[in-house]
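Residues per chain are reported as follows:
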Amino acid sequence: MSTNKTVESVYELVLKRNPGEKEFHQAVREVLDSLVPVLEENPAYADARILERIVEPERVLMFRVPWLDDSGKVQVNRGFRVQFNSALGPYKGGIRFHPSVYLGIIKFLGFEQIFKNSLTGLMMGGGKGGSDFDPKGKSDNEVMKFCQSFMTELCKHIGADTDVPAGDIGVGGREIGFMFGQYKRLRNEFTGVLTGKKLNWGGSLVRTEATGYGLVYIVDEHLKAIGKSFEGKTVTVSGSGNVAIYATEKVQQLGGKVVAMSDSNGYIYDPQGIKLDAVKQIKEVERKRIKEYTSIHKGAKYSEGCNGIWNVKCDIALPSATQNELDIEGAKTLIKNGCICVAEGANMPTTPDAADLFVESKVAFLPGKAANAGGVAVSGLEMAQNSQRYAWTFERADAELKNIMVTIYKNINKAAEKYGKKGNFIVGANIAGFVKVADSMLDQGVV
Ligand code: NDP
């Protein structure tokens with residue numbers, strides 16, 4: 001709890017207005033606590049009630065998604081889109097399909113997205129969407145029917161200059177394709193209304209790899225700043241989805257050794273280093289469980305329960321699965337085992353007490369809104385290419401991504417230092433992301 005009256009009253013308001021939405025409360029608490037020195041230095045923000053406005057989404061959509069399963073039975077899911085803040089551009093943020101999705105998850109993700117998008121330096125507002133639909137175990141036909149129904153409602157509220165969704169947990173190229181097809185059919189327009197599209201029809205090279213590669217680029221920049229590199233480092237990466245796979249790929253390219261990965265059932269440990277081709281085949285092609293890895297690579301060990309991954313000794317940990325997956329016990333073990341850097345590939349994977357412990361223990365802790373901004377950054381580049389009706393080379397998109405991640409690292413470092421919190425990248429990221437949005441809101445009047 002801070003001693004700042006504005007911060008406390010805004011937080012009280014958030015609790016009162018958004019009962020039971022604990023992930024949203026957690027995300028707001030972290031940002032507000034970081035902003036105290038900026039608020040004290042700039043009374044204009046409090047006068048214009050910037051905080052009260054920034055915690056309130058501009059628009060919240062919630063809708064029924066009915067669809068027919070393969071047996072002809074009617075299924076009903078709930079769809080969401082939270083259009084949080086458009087001070088910097090059209091709303092931009094992913095769509096998540098996972099049974100745990102409810103309004104509090106979408107609001108936390110949308111709120112984080114405002115500051116993340118600001119950090120990229122591109123003109124994008126913040127938003128997020130999703131559904132409690134579970135793609136696991138569904139046929140391609142069922143996934144298509146669900147996506148078409150979801151987009152039948154969502155298409156009334158989005159557009160290339162209004163709101164441009166992308167993928168997230170449970171939403172990859174296949175789902176984006178089905179949603180894009182339905183949008184085009186209903187609106188009779190071929191526009192860059194979604195990012196993460198496949199390459200033949202408007203996608204950007206490097207978008208698939210962007211979040212994982214970007215994560216590793218920012219860690220690499222930090223390692224350089226302290227006179228180290230990935231060469232010879234042992235790394236654990238939780239998850240085995242889009243972010244985890246491409247983070248692992250880039251770590252390996254830079255000479256690091258990834259020894260553990262996970263899914264929601266358990267984790268694999270391969271002391272020789274994970275063979276990524278096998279993981280890609282299991283997770284991307286066959287859509288099976290990570291456990292299968294041990295039937296191909298006999299030297300590897302599988303353990304039930306995904307949290308055990310933090311017991312694996314490593315120099316660098318990249319939590320890249322889901323929110324609150326790395327708790328205080330995991331943090332203590334990582335620190336005891338000599339981990340020097342934790343960077344969040346996922347959104348809010350570290351519990352607040354665990355994050356505080358890393359900062360206190362001088363373990364470099366790079367928060368998701370900075371560390372995983374590479375995905376939305378290349379989505380922004382995809383939008384730019386769509387507007388130009390032109391496609392960049394892999395090298396160009398990758399170089400832009402790298403440049404954006406290096407700039408983010410410099411900016412969050414500078415902001416932390418300016419407010420007397422050198423090395424605290426949580427504070428640095430929140431302040432650097434916030435100031436640009438807040439100043440734009442001041443410029444745009446009371447809206
Ligand atoms: P995917 O759906 O591709 O992969 C998610 C991975 O996390 C899977 O291995 C999944 O395991 C695991 N997982 C999901 N839910 C849980 C859970 N409750 N407990 C343990 N493990 C779980 O998603 P992404 O890789 O795209 O996203 C991962 C994280 O990165 C999310 O927090 C997302 O918001 C964030 N992110 C993603 C971006 C992107 O560009 N894709 C951009 C920025 C952030 P299983 O297969 O068993 O479900």
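Residues numbered from 1 in each chain as written. Predicted model: local features only at pLDDT ≥ 70, side-chain atom pairs only at ≥ 80, totals over all residues. Heavy atoms only, no water.

### Concerning helix 13 (residues 352-360)
Looking only at helix 13, the buried set comprises A354, A355, L357 and F358. Relative to the axis of helix 13, the buried residues are bounded by an arc of 160 degrees and lie together on one face. The elements touched by buried residues of helix 13 are helix 12 (328-336), strand 11 (341-343), strand 12 (364-366) and helix 17 (425-443). K362 occupies a position one or two residues after helix 13 and carries a positive phi of about 60 degrees. (Buried < 20%, exposed > 50% of the residue type's maximum accessible area, 1.4 Å probe, protein only. Helix = DSSP H or I, 4+ residues; strand = E, 2+ residues; numbered from the N terminus. Arc of directions from axis to C-beta. Contact = heavy atoms within 4.5 Å.)

### Re the packing of helix 1 (residues 5-17) against helix 2 (residues 22-41)
Contact geometry of helix 1 with helix 2 gives a least axis separation of 10 Å together with a crossing angle of 165 degrees. Classified by the interaxial angle, the pair formed by helix 1 and helix 2 is roughly antiparallel. As for how helix 1 packs across helix 2, the hand of that crossing is right-handed. Contact with helix 1, carried on its side by V7, E8, V10, Y11, V14 and L15, involves F24, H25, V28, R29, L32, D33, V36 and L39 of helix 2 and no other residues of that element. Class assignment for the residues of the contact of helix 1 with helix 2 results in ten nonpolar, one polar and three charged. (Axes fitted to C-alpha atoms, helices over the stretch in contact; angles between N-to-C directions. Parallel < 35°, antiparallel > 145°, perpendicular 65-115°, else oblique. Left-handed = near helix turned anticlockwise from the far one by under 90°. Nonpolar A, V, L, I, M, F, W, Y, C, P; charged D, E, K, R; others polar.)

### Side note on the site of the ligand
Neighbouring the ligand are 26 residues; D168, T211, S264, R289 and N347 lie closest to it. The side chain of R96 places a nitrogen or oxygen atom 2.9 Å from an oxygen atom of the ligand. Within the side chain of K283, a nitrogen or oxygen atom sits 3.3 Å from an oxygen atom of the ligand. In the complex, 85% of the free accessible area of the ligand, which totals 890 Å², lies under the protein chains. Among the elements of the structure, helix 8 (207-225) and helix 9 (242-253) are those that each provide at least two residues to the shell around the ligand. Grouping the constituent residues of the shell around the ligand by class yields five nonpolar, 14 polar and seven charged. Counting only domains with at least three residues in the shell around the ligand, you end up with domain 2 (59-188) and domain 3 (210-366). (Near = heavy atom within 4 Å. Polar contact = N/O pair within 3.5 Å; in protein donor to acceptor, adjacent residues only side chain to side chain. Areas by Shrake-Rupley, 256 points an atom, 1.4 Å probe, with all protein chains shown as cover. Domains from an automatic or database assignment.)

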